[in-house]
Amino acid sequence: MQLLQVTTLLLMLLLLILLCPEHSASEIECERWADLDSGVFQKEGQIILAGYFPIHSQDVPQELSFESAPGKTRCKGFNLRSFRWSQAMIYFIEEINRNPNLLPNITLGYRLYDHCWMVAQSVRSSLSVVSQSLKRNSTGACSSPPIPLIIGDPSSSLSMGISRLLNLFKVPLVSYFASCACLSDKKKFPYFFRTIPSDAYQASALARLVKHLGWTWIGAMGGDDAYGRTALEIFLAEVTRLGLCTSFQAIIPKVPTQQQLEKLVKIIKDSTARVLVAFSLEEDIQPVIEEMIRQNVTDRQWVASEAWVTSTLISSGYPNLSGTIGFAIRRADIPGLKKFLQNLQPLAEPYNPSAREFWEIQFQCSFNKDLPLGMGDLEHYNRTCTGQERIEDTDTIYNDVSQLRVTYNLHKAVYAVAHALHNLLMCQKEGGSSDKQQQCPDIYNLQPWQVIPYLKKVNFTNEFGDSVYFDEFGNAAGSYDIVNWHKGAEGRPLEIVKIGRFDSYLPTEQQLVLYEENIVWHDGSKTVPVSVCSASCLPGYRKATRKGQPLCCYDCVPCAEGSISNSIDQSECTSCPEDLWSNPQRNSCVEKQIEFLSYTEGFGMALAATAIVGVVATSSVAVIFLRHRDTPLVRANNSELSFLLLLSLTFCFLCALTFLGQPSRWACPLRRTAFGLTFALCLSCLLSKTLVVLMAFRATLPGDNTARWFRPPQQRMGVFLCWALQCAICVAWLTTAPPYPVKNNWLYRDRIILECHLGSVALFCCVLGYIGCLAVFCFILAFLARKLPGNFNEAKFITFSMLIFCAVWIAYIPAYVSSPGKFTVAVEIFAILASSFGVLLCIFAPKCYIIIFMPEKNTKKYLMSQKVR
């Protein structure tokens with residue numbers, strides 16, 4: 001139906017262009033064209049401003065037969081809010097006319113159109129603007145009063161249709177309520193301006209608000225028009241960018257059936273999202289709200305767009321919507337407007353049909369006068385209107401000036417146009433030369449396209465302290481109030497309370513300001529409602545996305561050992577630094593446990609006690625030998641070497657203690673060199689004793705003088721040389737690459753092993769190899785002398801001691817390699833103690849037994865009585 005109406009109007013425009021007679025100054029009378037629009041209220045002026053307002057909300061369908069002219073367009077559903085906007089525009093224009101500093105000596109007029117939210121009627125109104133009724137001007141020529149631009153339309157969809165038509169005539173359109181981001185496309189809408197922020201600001205800011213409040217699982221809806229679809233598309237893109245998810249996305253039909261409403265409400269009921277975001281006009285969202293209330297779905301938190309968040313129709317009729325929040329256009333208290341609205345005269349000149357209709361509806365009475373009708377059909381009331389009824393005694397949307405938001409945008413639009421015209425006027429007055437004046441448009445014969453450059457350059461601060469300007473896309477700055485619906489007093493409608501603001505021109509971190517302590521949510525509490533698909537993962541856990549579900553639906557998985565998460569909802573756990581490890585809760589990194597073989601732990605204490613026992617035992621043997629140093633047994637076994645051997649064994653036991661405790665710069669070199677030197681001294685003494693035994697028996701042979709080379713001085717020299725060679729190796733080791741402490745982080749992940757690095761592995765092998773050579777050489781010599789006479793012969797005891805020594809250290813190698821951490825040190829201490837006790841017991845235990853328990857055998861006669869076997 002509307003497509004047919006638009007087609008008809010375009011054909012009418014073509015006929016007007018083709019059939020329009022040319023008028024000249026010689027004509028006696030100007031031929032007047034019939035006005036294409038009957039819903040117009042006008043007042044003449046030197047410059048006419050057109051204004052579009054949806055004073056009625058619905059059209060009355062009519063049949064188009066194309067056999068006769070279409071009948072007069074009729075509408076229904078008188079809109080008090082839009083009627084207030086139209087009256088506010090009149091007030092602003094009259095205020096400008098009274099201002100001597102703005103457009104001096106220029107009187108603005110107006111033509112106000114009611115398009116009933118209809119595309120066809122909007123196009124008809126636009127055709128009426130570009131084809132004005134003719135009148136004779138001051139020079140006697142026929143002309144139209146200039147209408148350089150149109151203030152409107154409040155609808156984004158209608159603005160798109162109107163702009164496409166007006167583009168043909170280069171007529172600028174300054175909207176006060178059309179916020180669709182699509183209208184920023186300057187290729188499609190080059191002459192479109194607006195004083196309301198683009199929905200691109202609102203949609204992205206609403207997404208940021210949702211994220212700020214911790215809502216990651218939401219339902220999103222949009223009206224079935226350019227405003228709703230475009231805003232919803234931008235919002236969903238921003239939500240995705242911020243890592244949020246939508247449970248559902250729905251389009252609200254313009255004229256929904258009951259089945260469509262029930263289907264939509266079922267989607268809302270079945271969703272687990274507790275927050276609903278709606279980009280819709282008030283008349284589109286109202287049926288959805290009513291159906292939700294009918295089905296008792298009242299536990300949802302609404303987030304409203306600016307198109308309905310300040311709607312008195314919604315806020316006053318549905319108290320269940322308490323707690324709703326949203327972005328609202330900035331408001332202002334406009335002085336004098338309330339009084340102007342209350343002083344409305346329904347039959348005053350110029351006659352306004354809409355004012356008469358408002359009066360009759362407001363006071364439920366009728367004027368018994370035959371006056372032209374507007375767009376609406378008048379109803380007949382039994383009571384007669386006197387015209388003296390008082391608007392101030394009523395309480396309606398019309399005279400409610402507490403939330404002047406769209407009206408304030410209209411104020412900006414009218415004054416932006418006035419400043420553009422003022423700058424154009426100043427161009428003429430300031431032009432010093434005739435060339436300059438020729439470049440300035442004639443304000444009394446103004447063409448629409450001549451205003452456009454001045455509109456683009458408009459930039460002023462209004463009386464309320466706000467800057468008014470248009471950016472390169474014709475948009476105003478993205479500034480909003482964040483409002484919250486609070487329950488009013490008993491019997492009063494919901495109150496709209498400001499709880500924050502958003503300003504796109506500020507730095508990102510300062511754009512969104514929210515006073516959360518002032519918010520009252522849908523359940524009446526001060527606690528922010530929760531709307532998530534999955535509960536937040538606590539510190540110590542990470543999010544694991546569920547297969548086939550949105551990112552916001554996940555499971556919480558504990559962090560692995562060595563990694564942590566110290567905030568909620570971390571996607572990945574963070575690995576701890578090398579020297580730190582995760583605590584049992586996996587929410588912080590703590591210092592790794594330092595591990596080394598300590599004196600204070602049980603195992604270390606046992607090894608230390610064993611070493612001390614060895615020292616005591618060795619000292620006891622030395623005491624016994626010292627007390628019986630003059631006995632044949634002690635003297636026969638080379639008492640000097642025996643005491644030196646006991647001293648070296650004491651150092652061997654003490655050497656084991658250096659391996660206990662925390663490795664340090666001095667402890668590591670000490671333990672390695674002490675081990676090498678003490679065992680080298682011990683084995684040197686054993687080797688010397690073995691050689692002495694061999695040489696003692698060779699000396700009994702006739703003519704053999706070998707024994708003179710193994711007297712005590714030579715024995716001492718031999719021991720010293722063997723030991724000095726080991727000392728040389730150790731000195732080279734300590735001066736080139738000494739052992740040093742290191743932190744072993746690679747053996748265990750959860751703790752650090754403090755150990756001594758060898759420094760030079762080659763020199764360490766030299767130390768061990770030299771000890772091994774001494775032990776093997778000593779073992780071979782002792783083995784060869786094992787069958788010499790027993791009471792004189794220590795060789796068999798040395799053989800056993802070296803057998804034990806070699807067995808211990810051969811077994812030590814695989815045990816050392818396979819023992820982890822501090823047990824490596826324990827194995828080394830055990831080998832030192834075992835080999836030391838083996839030497840001590842094998843060599844000295846039999847002698848001490850004879851000295852203490854069998855003194856009768858400790859005689860020279862007994863020792864000399866033995867024969868070689």
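Quick look at the structure, then. Residue indices begin from 1 for each chain and proceed along its sequence in written order. In keeping with the predicted nature of the model, local features appear solely for residues at pLDDT of at least 70, side-chain atom pairs appear and are counted solely at 80 or more, and the whole-chain, interface and lining totals rest on all residues. Think of the side-chain values as coming from all heavy atoms in the structure, minus any hydrogens and water.

## Structural notes on the overall build of the protein
Part 1 of the argument: For helices the rule is a DSSP run of H or I covering at least 4 residues; for strands it is a run of E covering at least 2, with both sets numbered from the N terminus onward. When its secondary structure is counted, the protein shows 24 helices and 29 strands.
Part 2 of the argument: The cut-offs for exposure are 20% and 50% of the maximum accessible area for each residue type, with area from a 1.4 Å probe on protein chains only; residues under the lower value are buried, those over the upper are exposed, and the others partly exposed. By the burial criterion, 52% of the 869 residues in the protein qualify as buried.
Part 3 of the argument: Considering only contacts within the protein whose residues lie at least 6 apart along the sequence, 69% involve residues at least 24 apart.
Part 4 of the argument: Only the protein chains shown count as cover for residues, and the accessible areas themselves come from Shrake-Rupley with a 1.4 Å probe. Accessible surface, the protein as shown: approximately 40,500 Å² in total, 58% of it carbon and sulfur. Residues are treated as being in contact if the distance between any of their heavy atoms lies within 4.5 Å.

## With respect to the packing of helix H21 (residues 761–784) against helix H22 (residues 795–818)
Part 1 of the argument: Relative orientation of the contacting elements H21 and H22 amounts to 145 degrees, with a least axis distance of 8 Å. Of the two elements, H21 crosses H22, and the hand of that crossing is left-handed. Side by side, H21 and H22 meet where Ile771, Ala775, Cys778, Phe779, Ala782 and Phe783 of the first sit next to Ala795, Ile798, Thr799, Met802, Leu803, Phe805 and Cys806 of the second.
Part 2 of the argument: Of the residues in the contact of H21 with H22, the class split is 12 nonpolar, one polar and no charged. Every axis in this analysis is a line fitted to C-alpha atoms, fitted for helices over the stretch in contact. Angles between the N-to-C directions lie between 0 and 180 degrees. Less than a right angle of anticlockwise turn of the near helix away from the far helix marks a crossing as left-handed, whereas a clockwise turn marks it as right-handed. Under the grouping applied here, Gly and all other residues not named as nonpolar or charged are polar, the nonpolar ones being Ala, Val, Leu, Ile, Met, Phe, Trp, Tyr, Cys and Pro and the charged ones Asp, Glu, Lys and Arg.

## Notes on the sheet that holds strand E2 (residues 47–53)
Sheet strands line up and pair through hydrogen bonds in the backbone, either parallel or antiparallel.
Part 1 of the argument: Strands sit in the order E1-E5-E2-E8-E9-E10 across an open sheet of six strands; the sheet is mixed. Across the chains shown, the open sheet's two edge strands, defined by having one partner strand only, are strand E1 (40–43) and strand E10 (192–194).
Part 2 of the argument: Two strands pair if DSSP finds at least two bridges between them. Of the pairings in the sheet, the one linking E2 to strand E5 (residues 108–114) comprises seven bridges and is parallel in character. The partner of isoleucine 48 across the bridge, within E5, is glycine 109.

## Focus: the environment of isoleucine 832
Part 1 of the argument: As for its placement among the helices and strands, isoleucine 832 is situated in helix H23 (residues 822–853).
Part 2 of the argument: The spacing of isoleucine 832 and alanine 611 is 221 residues in sequence and 9.3 Å in space, taken between C-alpha atoms.
Part 3 of the argument: Every residue in contact with isoleucine 832, bar those within four places of it in the chain, is listed here: Cys652, Cys655, Ala656, Phe659, Phe675, Phe679 and Trp809.

## Section: the sheet that holds strand E28 (residues 740–744)
Part 1 of the argument: As summarised here, the arrangement of the three strands in space is E27-E29-E28, forming an open sheet in which the pairing is mixed. Across the chains shown, the open sheet's two edge strands, defined by having one partner strand only, are strand E27 (593–595) and E28. Sheet twist, expressed as the average angle between the axes of neighbouring strands with direction ignored, equals 30 degrees.

## With respect to helix H2 (residues 80–98)
Part 1 of the argument: Residue count minus one, scaled by 1.5 Å, sets the expected span of a helix. Compared with the 27 Å implied by 1.5 Å per residue over 19 residues, the 27 Å span of H2 between its first and last C-alpha is a close match.
Part 2 of the argument: Within H2, 15 of the 19 residues are buried, leaving the element largely enclosed by the surrounding structure.
Part 3 of the argument: Polar contacts, as used here, are pairs of N or O atoms within 3.5 Å; protein pairs need one atom able to donate a hydrogen and one able to accept it. Residues neighboring in sequence count only if both atoms are side-chain atoms. Capping of H2 at its N-terminal end is provided by asparagine 79; its side-chain oxygen lies 3.0 Å from the backbone amide nitrogen of arginine 81.

## Regarding the state of the cysteines
Part 1 of the argument: Whenever a pair of cysteine sulfur atoms sits within 2.5 Å, that pair is classed as a disulfide. For the coordinates displayed, the defined rule picks out 10 disulfides.
Part 2 of the argument: Covalent S-S linkage joins cysteine 245 and cysteine 552, the inter-sulfur distance amounting to 2.1 Å. Between cysteine 245 and cysteine 552 the sulfur-sulfur dihedral comes to about 85 degrees; the bridge is accordingly right-handed. Of this pair, cysteine 245 sits in strand E12 (residues 245–252) while cysteine 552 sits in the loop between strand E21 (541–545) and strand E22 (554–558); the two residues are 307 residues apart in sequence, bridging distant segments of the chain. Across the pair, exposure class does not vary: cysteine 245 and cysteine 552 are buried alike.
Part 3 of the argument: Across the disulfide from cysteine 668 sits cysteine 756; the S-S distance is 1.9 Å. Every disulfide takes its handedness from the sign of the S-S torsion; for cysteine 668 and cysteine 756 that torsion is -80 degrees, giving left-handed. Of this pair, cysteine 668 sits in helix H19 (residues 667–698) while cysteine 756 sits in strand E29 (residues 751–757), and the two are 88 residues apart along the sequence.
Part 4 of the argument: Given a relative accessible area of 11%, cysteine 756 falls into the buried group.

## What to know about the packing of aromatic side chains
Part 1 of the argument: Between 30 and 60 degrees the pair is tilted, below 30 it is stacked and above 60 it is edge-to-face, where a pair is any two Phe, Tyr or Trp rings, Trp via its six-membered ring, whose centres lie within 6.5 Å. With the rule as written, the count across this model stands at 32 aromatic pairs.
Part 2 of the argument: Seen from their ring centres, tyrosine 91 and phenylalanine 340 are 5.2 Å apart, and the 45 degrees between their planes marks the pair as tilted. With tyrosine 91 in helix H2 and phenylalanine 340 in helix H10 (residues 337–342), the pair connects residues that are 249 residues apart, well separated along the chain.
Part 3 of the argument: A relative accessible area of 21% places phenylalanine 340 in the partly exposed class.
Part 4 of the argument: The interplanar angle of 70 degrees and the centroid separation of 4.9 Å between the aromatic rings of tryptophan 809 and tyrosine 812 together place this pair among those described as edge-to-face. Linking tryptophan 809 with tyrosine 812, this pair stays in helix H22, spanning three residues, or about one helical turn.
Part 5 of the argument: The class of tryptophan 809 is buried, set by a relative accessible area of 13%.
Part 6 of the argument: Whether a charge sits over a ring depends on NZ of Lys or CZ of Arg being within 6 Å of the ring centre and within 35 degrees of the ring normal. Above the plane of the ring of phenylalanine 193 lies lysine 186, whose end atom (NZ or CZ) is 5.2 Å from the centre.

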